Structures are given as structure tokens and as C-alpha cells.
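Chain and residue survey
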4 protein chains.
Amino acid sequence: MQNIYYFTPMYRLISIVGGNTASQEESGFAFSLGGLLAGMGFSVVCGGGGGVMEAACMGCAEEGGLTVGILSGEERTAANPFVSLALPTGIGVSRNRMVVLAGEAVCAVGGAYGTLSEIALALQAGKPVCGFGNWDSIPGVRKVSSPQEAVEFVLEMIGEN
Amino acid sequence: MQNIYYFTPMYRLISIVGGNTASQEESGFAFSLGGLLAGMGFSVVCGGGGGVMEAACMGCAEEGGLTVGILSGEERTAANPFVSLALPTGIGVSRNRMVVLAGEAVCAVGGAYGTLSEIALALQAGKPVCGFGNWDSIPGVRKVSSPQEAVEFVLEMIGEN
Amino acid sequence: MQNIYYFTPMYRLISIVGGNTASQEESGFAFSLGGLLAGMGFSVVCGGGGGVMEAACMGCAEEGGLTVGILSGEERTAANPFVSLALPTGIGVSRNRMVVLAGEAVCAVGGAYGTLSEIALALQAGKPVCGFGNWDSIPGVRKVSSPQEAVEFVLEMIGEN
Amino acid sequence: MQNIYYFTPMYRLISIVGGNTASQEESGFAFSLGGLLAGMGFSVVCGGGGGVMEAACMGCAEEGGLTVGILSGEERTAANPFVSLALPTGIGVSRNRMVVLAGEAVCAVGGAYGTLSEIALALQAGKPVCGFGNWDSIPGVRKVSSPQEAVEFVLEMIGEN
């Protein structure tokens, strides 16, 4: 053991949740949001699947950001191709709570009941949550209409450093 | 969405499991092992706690490696200071299985029953497992006596690329 | 091993979800609902806590029904006193999904974000869901205004035998 | 709400863990153990699968005992036919910890790495553990050679009431 201690800088994660399939508008939103977050030094964590998750990872990776996929299954190979750190959990849909606990804030893009569960679990855990599309009128969710607005919400809620 | 696809290189993870407290010998082993793995381009994933986990992260971080802590609690601040990516799960000891599913191979260093559970879960999932100390005579565990030997085992089992 | 096979009759479970604290109206609803379900031969499964959960168990137990509590913590002693079968999970809020998977149908009574997560997870798993109070206007939830109506919904959705 | 409070008697559960396939000797042991436990007023909790689990449930059910199956999958229909209370978890092998947390004591019969993980998780949680066959020499496990001896161990460790 050595005398010099390195205090490792922590990656700062933002959760992006949404459907495994996505409309073009939702994918575009998620792609831009991932890129903007990466540009500000954040990493993206998601469920590692397709649709919104894949678009968010693609946008983040293109800007050089770290992308984390918390997978429902047991095989890391199931992650979408833009996940750089794949974590298979083997606990199915119950991994949803981990996706939202991992981020300092949560951005929901479209999605169905799985996404609603992530929004509810995030709010229950006290996370700031913004939403674009389907579930943006759930009480406690800040409705946003652009990726820029989502990033502003994140920065407003968790600070810039 | 754009036409250019970036195929993100995946981080390759090795799980290091062991006690939350550790003897000097075990800490030294874990520290060296973390460093050697980082030097070969691997990242370390562990439970994010103290003892063996902290030593492994310290060794890995010192060599510039990525360190992932899959935490039992809900707060990322509970991670040891050498974790660069903290993932709170909120599922307690049940996160042990995720720690071993995340790695391509598992190295056990000392430890008590929690570590034994990780060894068993790893073997059940078909992961290569090597052990130093307490549980190295469990059938299916490759007994190793040095960090170098542990790294050789890992390379032998999962290949270098 | 013997030649005679006993085909064990399965308990039929209905999930009742709701807040750990409850208004008098919500408690009264849950108590009556638990009793009505028990009277029709169903067992009640819930998170084993206070509020709506305790009232539902009390109502069910009073009519001789089996009450199952799937607890967030590790100690069965944390169950409310009307739980006859306490199952500690140690996985915290992630046990919510198990509560709704256990039932053939789900009745939500009041509740906050935890209850919303249970509703979402139930709908995602394809369970019939009825709601009284807070979340009764979530798409996919059948709004009910009395325990009798909730029971009718359950019978309509899953049949009487 | 009424004035009369019913303090529901709690079912007392013993966990029986073991392989999904079993030798005739192991099945016979589990069958007898399930029956003896039921005869003393205990219920059996297990993973709800085949092999040792099915034999234990069969033995318990034949003596009129309650049998609880905590299933890895999402469908209660996957339980063996002697499970009277089926609880699908959808979290795969991670449900192992719940099986052992549910019981006041744990009896392991044969089994492979999954069973070893249950033994380790039980010991880590402070549960008394006895073992017949494969893993009976793990430190902390009381080796037993008959179902009667297993029951004596259980009674010795947790008392008769």
C-alpha cells in the first residue's frame, strides 16, 4: 500500500428513461439530450435497450460521453451498440429502480408503463424528474418541450458542479 | 438522427469480491490486482465498499483504470473514495449477484459468507472464478497465490481481446 | 416417495396497494375490500406495512382470509400485526414489483409515488388494475368508488374460479 | 373500522433449499423433512421448482402444511404442483436470498452452486443452517444425516414456540 492517495473524480450520471421503441421525434429528443449532457460533462445512464435508450446513448457517445446501460437480462451482449459500460442485472424490470437511483436527475422521453414506473420510482426517491411526451403531466414532473429545456432543468436542480 | 454510427468500445470489466474489512495481506493483494488489471486495459467492478473493495479500486484508479461500485444502499456517497462510477441499487446484499454478473471473470480475495455467496453465484452463472484465501478450496474455484497468477488466470479464461 | 399425488389447491391472491399512511376513508375502503375478498375465497397480498396495507390485512384476517406481506426489509417482525405470512425481501422499494406480480389483479387505494410505481408495474405486467382515490385517472386504471365495485371488477377480470 | 382487533397468528416458515433435480436419496430426504416439519406446525418455503423443492412441498402438503414457492420467473404457473402459495418475483436467481430470509432456519439438501449461494446468504444473514449432502462441510453448516436430525436441529435453534 502506498502513501499517495488519489481521490478519484466521480462520474456524474443523468438517467434517461423511455420506451424500447420510440417515435422519430422521441428518438431525436433523446439523441440531442444525450449529446448536450455529454457536452456538459455528464454521463448518461439508462436501461441499455433500444428506442429512446439507444438514441440517448448514441448522442452521448458521439460527444465522447460515457454511456452506462443497466440491463434487465444476464448478458452484457444485449446492450445497444452505444453502451460503453454494460451491467447485466438478471432481475428483469426490477432493474428500473436502479436506473433512476443511478442518476442525479431523471429525464423521461415518451414511453409506456415501464417509463411511468421509472418516473414514479424516481419521484419516490426524491429525484428531480422532467418529462417530454406521454407522462409529462404526472404531478411532480417538470414538463419540457426541448432537449435544451431538459438540460436547463437538470442544471437548475443539481447545480453545475 | 445522423448517418454516422459510432460503435462505442465496451469497457471490459473484471469483478473483485472480498470482505468489507481485510487483512493487510488481502488489501495488498487486492491493490496489486486492481493495478495489474488496469494496466492491461480492464476496469474493476466491485461492491463499492471498504476492505478488499477499496484496495482494489485504489490500485485500479492509481493506474488510471475505471472503477465501478455497485452499492447495496441508495446513496452514491456511500461508495469508497476510489470508486469513479457509483451505482446505488437499494437492494442490499442482493446486489452481490450483479457484481459478479458484471465481470467477465471474478477474483475473490479473503472474505466471509458474503464473498462465498458471490463465488457461488458466479460459478452458477458460468463465470471463471479464482480465489486467494478463505474460499480458495471451493470446487470450481482456481486457487491463486499472487495477483500475477490471478491475472494470468483471467487472461487464460477470457482471452486478451 | 409415495404413489398418491396430492394436487395442492393454490391460494388465489389479490394485491392491495396503497400508502403507508392513509386517510380514514382510505383505511375504511381497504378494510372492507380485504373482508369482501376473503369472503369470496381470495387471499390478500400487500407490502405488509401500515396504512392501507394494515387496514386491508385486518379486514381480510377478520373474515378468516390469509394475508401475505412482502416486506421491504429483512425482518419479518416489521410486518403489521394482521399479516399471517410475512416474507422479508431485503430489497427495499424494489419489492413493489413482487407485490403486484403476486396478485391476479391489483387494487390501488390512495397512496403516493410508491403506489403509482406499483400501478405502473402492474399495468406493464398486464395485470388488471382498479383504483380508488389519487391515481384513479391513470390510463388503464379502472376507477372504482366502493369496495363492492372493486370486487366486481376483480371478478369480471379474472373470473370466479 | 371495528373495535375488535384480531392478532393474526403468523405462519412459521422453514426454508428448504436444494437442486432443481435431485437423486432419489435427496428427494426422499426432502419429502420426509417437509412432512415432519408440517407435522410440527411449520410451513415450508422454497424456490418453488422441481427436484428437492418439489419433494419438500409434496411431503409438507401431504401432512396438511402450507407450502410457499418464491419463484424466479414472473408466472405463478411455473410453480411445482405442491406449492399452495406461489409468489413470482421476476428477479431470477436473485430470489434465492428471499427464500432464505423467509425461513427461521434453512435446511439444504444436495444441490449445486445455486444451493451453495443460498447457504452462504443464509449464514450471512445469521440464519441457522443444516445440510445433507453436497455442501454439508461448509463452515457454519450443521451436517445432518436424517430428516429427523434436521428437525431436531431446527427445534434446537429456533425453539418450539
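Structure shown above.
As a starting point, this report considers the structure included with it. (Residues numbered from 1 in each chain as written. Chains lettered and ligands numbered in written order. Predicted model: local features only at pLDDT ≥ 70, side-chain atom pairs only at ≥ 80, totals over all residues. Heavy atoms only, no water.)

Here we look at the pairing of strand 1 (residues 13–18) of chain A
Residue and element names in this part refer to chain A. The buried fraction of strand 1 is high, at 6 of 6 residues. Side-chain alternation along strand 1 places Leu13, Ser15 and Val17 on one buried face and Ile14, Ile16 and Gly18 on a second face that is also buried. The sheet contact formed by strand 1 and strand 2 (residues 43–46) spans 3 bridges and is parallel. In the sheet register, Ser15 faces strand 2, and the bridge partner there is Val45. (Buried < 20%, exposed > 50% of the residue type's maximum accessible area, 1.4 Å probe, protein only. Helix = DSSP H or I, 4+ residues; strand = E, 2+ residues; numbered from the N terminus. Pairing = 2+ DSSP bridges.)

A look at the sheet that holds strand 6 (residues 129–132) of chain D
All names here are of chain D. Read from one edge of the open sheet, 7 strands run 4-3-2-1-5-6-7, paired in parallel fashion. Edge strands, defined here as strands with exactly one partner in the open sheet, are strand 4 (85–88) and strand 7 (142–143). In terms of strand pairing, strand 5 (residues 106–109) meets strand 6 through 4 bridges, oriented parallel. Along strand 6, the bridge assignment pairs Val109 with Phe132. Relative to strand 1 (residues 13–18), helix 4 (residues 113–124) is tilted by about 145°, and along the sheet it contacts strand 1, strand 5 and strand 6. (Contact = heavy atoms within 4.5 Å. Axes fitted to C-alpha atoms, helices over the stretch in contact; angles between N-to-C directions.)

Details of the interface of chain C and chain A
Bring the parts together and some accessible area is lost; that lost area is often taken as the interface size. With 15 residues of chain C at the contact, the number on the chain A side is 15 residues. Interface area, chain C with chain A, both sides summed: about 1,500 Å², of which 74% is carbon and sulfur. Between the two partners, chain C and chain A, sit 0 salt bridges. Counting across the chain C and chain A interface gives 2 residue pairs in polar contact (both at pLDDT 80 or more). (Buried area = accessible area lost by both parts, 1.4 Å probe. Salt bridge = Lys/Arg side-chain N within 4 Å of Asp/Glu carboxyl O. Polar contact = N/O pair within 3.5 Å; in protein donor to acceptor, adjacent residues only side chain to side chain.)

A short note on the pattern of salt bridges
Here the structure, examined in full by the defined rule, presents 20 salt bridges over all chains. Among the ionic pairs, Arg76(A) bridges to Glu104(B), the shortest N-O distance being 3.4 Å. With Arg76(A) in the loop between strand 3 (67–71) and strand 4 (85–88) and Glu104(B) in the loop between helix 3 (96–102) and strand 5 (106–109), this pair bridges two chains. When its relative accessible area of 28% is taken as the criterion, Arg76(A) is described as partly exposed. The buried category is assigned to Glu104(B), whose relative accessible area is 12%. The structure contains a network of salt bridges with shared partners spanning Arg12(A), Glu104(A) and Arg76(B).

Concerning the relation of the copies chain B and chain A
For the match of chain B to chain A, the screw axis carries a shift of 0.0 Å, the RMSD comes to 0.0 Å, and the turn is 180°. Put plainly, the chains are arranged around a two-fold axis. An overlap of 100% is found between the interface residues of chain B and their copies at the interface of chain A, pointing to a shared contact surface. (Least-squares fit on C-alpha atoms with pLDDT ≥ 70 in both.)

Brief notes about the sheet that holds strand 4 (residues 85–88) of chain B
Residues and elements named next belong to chain B. Strand order across the open sheet formed by 7 strands is 4-3-2-1-5-6-7, with parallel pairing between neighbours. Looking at the sheet topology across the chains shown, the edges are occupied by strand 4 and strand 7 (142–143). Bridge analysis of strand 3 (residues 67–71) against strand 4 gives 4 bridges, and the strand direction is parallel. For Ile70, the partnering residue across the bridge sits in strand 4 and is Leu87.

A few points about the packing of aromatic side chains
All names here are of chain B. Scanning the model with the defined rule gives 8 aromatic pairs over all chains in all. Judged by centre distance (4.1 Å) and plane angle (15°), the ring pair of Phe29 and Phe132 falls under stacked. Of this pair, Phe29 sits in helix 1 (residues 24–39) while Phe132 sits in strand 6 (residues 129–132), and the two are 103 residues apart along the sequence. By the burial criterion, Phe29 is buried, and Phe132 matches it. (Phe/Tyr/Trp six-rings, centres within 6.5 Å; stacked < 30°, edge-to-face > 60°.)

Let's talk about the interface of chain B and chain A
Contact residues are listed per partner, giving 41 residues for chain B and 41 residues for chain A. Together chain B and chain A conceal approximately 3,700 Å² of surface at their shared face, both sides included; 68% is due to carbon and sulfur atoms. Linking chain B with chain A are 4 salt bridges. Between Arg97(B) and Glu74(A) there is a salt bridge whose closest N-O contact spans 2.9 Å. The interface formed by chain B and chain A includes 6 residue pairs in polar contact (both at pLDDT 80 or more). For the side of chain B that touches chain A, the secondary structure elements donating two or more residues are helix 1, helix 2 (52–62), strand 3, strand 4 and helix 3 of chain B.

Thoughts on the environment of Ala22(B)
Residues and elements named next belong to chain B. Tracing the backbone through its elements, the reader meets Ala22 in the loop between strand 1 (13–18) and helix 1. Remark: the alpha-carbon pair of Ala22 and Met53, spanning 31 residues in sequence, is separated by 9.1 Å. Residue contacts for Ala22: discarding those within four places in its chain leaves Ser27, Gly51 and Val52.

Re the environment of Ile158(D)
Residue and element names in this part refer to chain D. Tracing the chain through its elements places Ile158 in helix 5 (residues 147–158). Residue Ile158 is classed as buried on the basis of its relative accessible area of 18%. Residues Ile158 and Ala105 lie 53 residues apart in sequence; the distance between their C-alpha atoms is 7.4 Å. Those residues in contact with Ile158 that sit more than four places away from it in its chain are Arg12, Ile14, Phe42, Glu104, Ala105 and Pro128.

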